[in-house]
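Residues per chain, in single letters:
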Amino acid sequence: GFLGITPEPALVRHGPLYTLREMGTMTARSAEVIATFPVRVWEVGKAALGLQERDPESPMSVVGASRVAGEISSSDDLAVADKAATLFRLLGALNLFLGLFNFVPLLPLDGGHIAGALYEALRRGVARVRGRPDPGHVDVARLLPVAYVVAIAFLLMSVVLIYADFVAPV
């Protein structure tokens, strides 16, 4: 409180349109984070090595998310209903981010498989318009070296984020 005045928490109910707006905002912010994810992980890596302070808005691993959930659960400042609401919001944000991340058009992810299927459909459509025979299936196995590089990059980013969550937590 300040000068004898303390804020009083109040429960405010919102309708479905508010929820849709919030989900739209969260989706847009998640897309921004995905677009800059490698740079953000690089910044977290520098913070883990002590070269700079870690941004509170930086990405975190499962370890960091678990730590945040634990801090929310053990907080004495929040009522049980507020803890549950905050944890569900955290869980929803994590699921939204992982779902959107999975749509990145890189081969080990589902987005890569979708991109391959769309390319195959485009080839078939062009062949049909030109009156040519069906070109057949796309050999996605030829892109396995790309998938290996991306998988190794994901593994390295995971190691950096887990290490940073131990030595320089948010």
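Throughout this description, residue numbers start from 1 for each chain and increase along the sequence as written. For this predicted model, a pLDDT threshold of at least 70 governs which residues receive local features, and a threshold of 80 or more governs which side-chain atom pairs are given and counted, while totals over whole chains, interfaces and linings are taken from all residues. Computation of side-chain values: all heavy atoms of the structure, hydrogens and water removed.

Engineer: Describe the pattern of salt bridges, naming the residues involved and giving the relevant values.
Structural biologist: Any Lys or Arg side-chain nitrogen located within 4 Å of an Asp or Glu carboxyl oxygen qualifies as a salt bridge. Applying the stated criterion to the full structure yields six salt bridges. Of the charged contacts in the structure, one is a salt bridge between E120 and R124, with a shortest N-O distance of 3.2 Å. Here E120 and its partner R124 are both found in helix 5 (residues 110-129), four residues apart, which amounts to about one turn of the helix. Relative accessible area decides the class of each residue, using a 1.4 Å probe on protein chains only: under 20% of the type maximum gives buried, over 50% gives exposed, and in between gives partly exposed. The class for E120 is buried, based on a relative accessible area of 15%. Helix and strand definitions follow DSSP, with helices as H or I runs of at least four residues and strands as E runs of at least two, each counted in order from the N terminus.

Engineer: Break down the nonpolar core for me, with residues and values.
Structural biologist: Listed in full, the 11 residues of the largest apolar core are I34, F37, V41, V44, A48, F101, V104, L109, M157, L161 and A164. No other element matches the four residues that helix 2 (residues 37-48) contributes to this core. If we ignore the near neighbours within four places in the chain, the residues touching L161 are F37, V41, V44, P59, M60 and S61. Buried residues of nine kinds, namely Ala, Val, Leu, Ile, Met, Phe, Trp, Tyr and Cys, make up a nonpolar core once their side-chain atoms join them within 4.5 Å. Residue contacts follow a heavy-atom distance rule, with two residues in contact if any of their heavy atoms lie within 4.5 Å.

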